[in-house]
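Structure assessment
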Amino acid sequence: MDLLKSMMVAASGLKAQSGRMRIIAENIANADSTGKTPGADPYRRKVPTFEERLNREVGADTVQLGRPQLDQSAFKLKYMPGHPAADSNGYVKMPNVDGLVEAMDMREAQRSYEANLNLITASRRMISQTIDILKK
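The notes below deal with the structure included here.

Description of the overall build of the protein
Along its length, the protein carries two helices and six strands. Element order for the protein, N to C, with α for helix and β for strand: α-β-β-β-β-β-β-α. Expected size for 136 residues packed as a compact globule is a radius of gyration near 14 Å; at 22 Å, the protein overshoots this value by more than 25%. Taking as baseline every contact in the protein between residues at least 6 positions apart, the subset at least 24 positions apart corresponds to 61%. When the accessible surface of the protein is split by element, carbon and sulfur atoms take 54% of a total near 9,000 Å². Across the protein, the 20 positively charged side chains and the 16 negatively charged ones have centroids separated by 4 Å.

Here's what the structure looks like:
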């Protein structure tokens, strides 16, 4: 039963990291999304959150993607006088998305995903070997 618990926990980790990667991809896709009118706020970066949940079926704590939080850091200003969202001084508010930060977050999520996948693979291998031993 312990292998089942570990696989359930790892599976919840896979799902949570997959959702995290989806949020990061959305941030990257909107890195240049400005407001439509002068002074309008552009896309605001989303930060994934995680919640602990008890899976009563197997009696193990699992992880779940929570509601994303909005990053409250300041927007960048870029001088673009011809842009429809430019203010009276010609500046446009740009999203608070940093491509390097998003790339590092994506890599970390990828590594966590791979670690959970390796745990599931190892657990399946152990179950299979146990069944093989019991057959003999």
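Having seen it, we continue.
A few points about the pairing of strand β3 (residues 60-65)
By the bridge criterion, six bridges tie strand β2 (residues 50-55) to β3 in an arrangement that is antiparallel. Within the sheet, the bridge partner assigned to E51 lies in β3 and is Q64. Counting the residues that bridge the hairpin from β2 to β3 gives four residues, and of these G59 lies at a positive phi of roughly 70°.

Looking at the environment of V92
Among the secondary structure elements, V92 is positioned in strand β6 (residues 91-94). In sequence terms V92 and L54 are 38 residues apart; their C-alpha atoms lie 46 Å from each other. Discounting residues that sit within four places of it in the chain, V92 has contacts with T34, K76, L77, K78, M80, H83, A85 and A86.

Structural notes on helix α2 (residues 99-135)
For α2, built from 37 residues, the straight-helix expectation of 54 Å at 1.5 Å per residue is met to within 8% by its first-to-last C-alpha distance of 54 Å. Where α2 is concerned, the buried positions are E102, A109, N116, I120 and S123. On the buried face of α2, the contacting elements are α1 (2-29). The opening residue of α2, the one whose side-chain oxygen lies 3.1 Å from the backbone nitrogen of L100, is D98.

Let's talk about the pattern of salt bridges
Using the criterion set out here, one finds seven salt bridges in the structure. Across the pair K46 and E26 runs a salt bridge, and its minimum N-O distance is 2.7 Å. With K46 in strand β1 (residues 46-47) and E26 in helix α1, this pair connects stretches of sequence that are 20 residues apart. With a shortest N-O distance of 2.4 Å, R45 and E102 are connected by a salt bridge. With R45 in the loop between α1 and β1 and E102 in helix α2, this residue pair connects regions lying 57 residues apart in the sequence. Each member of the pair, R45 as well as E102, carries the same accessibility label: buried. What you see here is one network of salt bridges that share partners, running through R45, D71, E102 and D105.

Procedures and definitions
- Residues numbered from 1 in each chain as written.
- Predicted model: local features only at pLDDT ≥ 70, side-chain atom pairs only at ≥ 80, totals over all residues.
- Heavy atoms only, no water.
- Helix = DSSP H or I, 4+ residues; strand = E, 2+ residues; numbered from the N terminus.
- Rg over C-alpha atoms; globule rule 2.2 N^0.38 Å.
- Contact = heavy atoms within 4.5 Å.
- Areas by Shrake-Rupley, 256 points an atom, 1.4 Å probe, with all protein chains shown as cover.
- Lys, Arg positive; Asp, Glu negative; His and termini not counted.
- Charge placed at Lys NZ, Arg CZ, Asp CG, Glu CD.
- Pairing = 2+ DSSP bridges.
- Expected span 1.5 Å × (residues − 1).
- Buried < 20%, exposed > 50% of the residue type's maximum accessible area, 1.4 Å probe, protein only.
- Polar contact = N/O pair within 3.5 Å; in protein donor to acceptor, adjacent residues only side chain to side chain.
- Salt bridge = Lys/Arg side-chain N within 4 Å of Asp/Glu carboxyl O.

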